[in-house]
Amino acid sequence: MELIRKRRNGYAILFSAGICMAVWLGVTFTLEAVFVFGAVSLIFLLLLVRESRLLYDAMLIWENRIIAVPSALISMPGHQIKKDIAETVVSTFGILIGSEIYRWGLDGVHGVRLQTAHIDQERLYLTFGDTAQTMRVELMHGMTQKQAVLDAAQKLLYETGVTVDITGW
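Parameters and conventions
Residues numbered from 1 in each chain as written. Predicted model: local features only at pLDDT ≥ 70, side-chain atom pairs only at ≥ 80, totals over all residues. Heavy atoms only, no water. Salt bridge = Lys/Arg side-chain N within 4 Å of Asp/Glu carboxyl O. Helix = DSSP H or I, 4+ residues; strand = E, 2+ residues; numbered from the N terminus. Buried < 20%, exposed > 50% of the residue type's maximum accessible area, 1.4 Å probe, protein only. Contact = heavy atoms within 4.5 Å. Core = buried A, V, L, I, M, F, W, Y, C linked by side-chain atoms within 4.5 Å. Phe/Tyr/Trp six-rings, centres within 6.5 Å; stacked < 30°, edge-to-face > 60°.

Some points on the pattern of salt bridges
Point 1. Throughout the structure, instances matching the rule amount to five salt bridges.
Point 2. In this structure, Arg103 engages Asp57 in a salt bridge whose closest nitrogen and oxygen atoms are separated by 3.1 Å. Pair noted here: Arg103 is in strand β4 (residues 100-103) and Asp57 is in helix α2 (residues 31-63), with a separation of 46 residues, a long-range link.
Point 3. Taking relative accessible area as the criterion, Arg103 reaches 36% and is therefore assigned partly exposed.
Point 4. In this structure, Arg123 engages Glu138 in a salt bridge whose closest nitrogen and oxygen atoms are separated by 3.9 Å. You can see Arg123 sitting in strand β6 (residues 123-129) and its partner Glu138 sitting in strand β7 (residues 134-140), a full 15 residues away along the chain.
Point 5. Using a relative accessible area of 29% as the deciding quantity, one classes Arg123 as partly exposed.
Point 6. You can call Glu138 buried: its relative accessible area is 14%.
Point 7. Each member of the salt-bridge network shares a partner with another, and the members are Arg7, Arg50 and Glu51.

So this is what it looks like as structure tokens:
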């Protein structure tokens with residue numbers, strides 16, 4: 001989430017600098033440069049809005065977290081990606097892996113949904129997607145007590161409506 005916040009702040013600074021340059025050049029009557037800096041400022045404004053929305057989604061996931069774990073293995077049909085990041089959060093609204101957000105449950109019946117959840121002694125497996133694409137995430141949960149696993153499963157059921165399959169406990 002910090003990386004998203006830093007990018008948003010960087011875009012805000014670049015947008016402000018572009019506007020200041022456009023105003024300064026507008027005072028000195030160089031119209032071509034004003035249009036160039038105005039266009040660049042518009043691009044930074046669009047990037048700022050996009051990053052602000054991403055930060056909002058990340059904060060929503062962080063504030064409504066069900067479980068937070070240190071690493072994730074993402075698999076999609078055709079390839080696998082391993083991410084060892086200090087911040088992997090599963091929430092009611094999606095999953096935050098570093099600065100990437102995978103959202104579910106926000107686009108109604110035809111949108112991305114959490115489909116299955118499975119917990120064994122080492123990992124939490126989540127499968128989510130829509131009719132076009134499905135993703136599977138493996139999370140090293142680090143829970144050592146059965147009650148913690150049952151609590152996490154209960155939270156997932158209550159928050160997402162998905163029954164968790166627990167094996168090996």
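Still more ground to cover, so stick around.
Observations regarding the side chain of Glu51
Point 1. With respect to the element layout, Glu51 can be found in helix α2.
Point 2. For Glu51, a relative accessible area of 0% corresponds to the buried category.
Point 3. The contact partners of Glu51, leaving out residues within four places of it in the chain, are Ile4, Arg7, Arg8 and Tyr11.

A short note on the nonpolar core
Point 1. By size, the foremost hydrophobic cluster in this structure holds 26 residues, and its most contacted members are Val90, Ile95, Leu126, Phe128, Val137, Leu139 and Leu156.
Point 2. Among the secondary structure elements, those contributing two or more residues to this core are β1 (65-76), β3 (94-97), β5 (113-119), β6, β7 and α3 (146-160).
Point 3. At five residues, β1 tops the list of elements feeding residues into this core.
Point 4. Filtering out sequence-adjacent residues up to four positions away, Phe128 remains in contact with Ile95, Tyr102, Trp104, Val112, Arg113, Leu114, Gln115, Gln133, Thr134, Met135 and Val137.
Point 5. Judged by nonpolar contacts, the second largest core, of eight residues, contains Met1, Leu55, Val89 and Ile101.

What about the packing of aromatic side chains?
Point 1. In the structure shown here, the tally under the stated rule is two aromatic pairs.
Point 2. On the numbers, 5.1 Å between centres and 55° between planes, the contact of Trp104 with Phe128 is tilted. Separated by 24 residues along the polypeptide, Trp104 in the loop between β4 and β5 and Phe128 in strand β6 bring together distant segments of the chain. Like Trp104, the residue Phe128 is buried in the burial classification.
Point 3. Aromatic ring contacts, followed pair by pair, group Tyr102, Trp104 and Phe128 into a single cluster.

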